[in-house]
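Working through the structure, step by step
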Amino acid sequence: MVEKKESGFVRWIKGLSKRQIRVGFLIYFVVILLFFVFPPLTKVVNKVHPLVWGMPFVMFFTFLAWFLFGIGINVLFEVENIRNDFS
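The structure presented is a predicted model; accordingly, all values stated were derived computationally and were not measured.

**Remarks on the packing of helix H2 (residues 18-37) against helix H4 (residues 57-83)**
Between H2 and H4, whose axes approach to 10 Å, the crossing angle comes to 175°. Relative to H4, the element H2 is oriented roughly antiparallel. Judged by residue contacts, Lys18, Ile21, Arg22, Phe25, Tyr28, Phe29, Ile32, Leu33, Phe35 and Phe36 of H2 engage Phe61, Thr62, Ala65, Leu68, Phe69, Gly72, Ile73, Val75, Leu76, Val79, Glu80 and Arg83 from H4. Residues that form the contact of H2 with H4 fall into these classes: 16 nonpolar, two polar and four charged.

Structure (structure tokens):
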């Protein structure tokens, strides 16, 4: 029977504590939310021109934030799946 070797990334993920992983993802999600919570940061992206993919930049930025949230949740699920941490 052939044993499956783990990559260095998988060993690193398994070496982290559950708290470290959750804090890392919390920081990721808070950074994304900062642009919508604090008005000075929102003014940076609140432009009607230029258009990105046919929509104002602020709409594109909102869709981008939702997309990044989805990616983050998916990665968190995969990390917990690698660690067998569903609890």
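**Let's talk about the environment of Arg11**
Note that Arg11 resides in helix H1 (residues 8-15). In sequence terms Arg11 and Ile82 are 71 residues apart; their C-alpha atoms lie 9.8 Å from each other.

**Observations concerning the pattern of salt bridges**
Here the structure, examined in full by the defined rule, presents one salt bridge. One salt bridge in this structure joins Arg22 and Glu80, with 2.6 Å as the shortest N-O distance. In this pair, Arg22 sits in helix H2 while Glu80 sits in helix H4, placing the two residues 58 residues apart along the sequence. Note on Arg22: relative accessible area 37%, which makes it partly exposed. On the basis of relative accessible area, Glu80 is assigned to the buried category, the value being 12%.

The rules behind these values
Starting afresh in each chain, residues are numbered from 1 along the sequence in its written order. With pLDDT at 70 or above as the cut-off, local features in this predicted model cover only qualifying residues; side-chain atom pairs require 80 or more to be listed or tallied, and sums for whole chains, interfaces and linings still use all residues. The side-chain numbers reported here are obtained from all heavy atoms of the structure, hydrogens and water having been left aside. A fitted line through C-alpha atoms represents every axis, and for helices the fit uses only the stretch in contact; the resulting angles, taken between N-to-C directions, go from 0 to 180 degrees. Strands here are runs of E lasting at least two residues and helices are runs of H or I lasting at least four, both read from the DSSP assignment and numbered beginning at the N terminus. Roughly parallel refers to an angle under 35 degrees, roughly antiparallel to one over 145, roughly perpendicular to one between 65 and 115, and oblique to any angle outside these ranges. Throughout, a contact is declared for two residues whenever any of their heavy atoms are within 4.5 Å. By the convention adopted, Pro, Cys, Tyr, Trp, Phe, Met, Ile, Leu, Val and Ala count as nonpolar, Lys, Arg, Asp and Glu as charged, and the other residues, Gly among them, as polar. Any carboxyl oxygen of Asp or Glu within 4 Å of a side-chain nitrogen of Lys or Arg constitutes a salt bridge here. Partly exposed residues are those whose accessible area sits between 20% and 50% of the maximum for their type, while under 20% is buried and over 50% is exposed, using a 1.4 Å probe and protein chains only.

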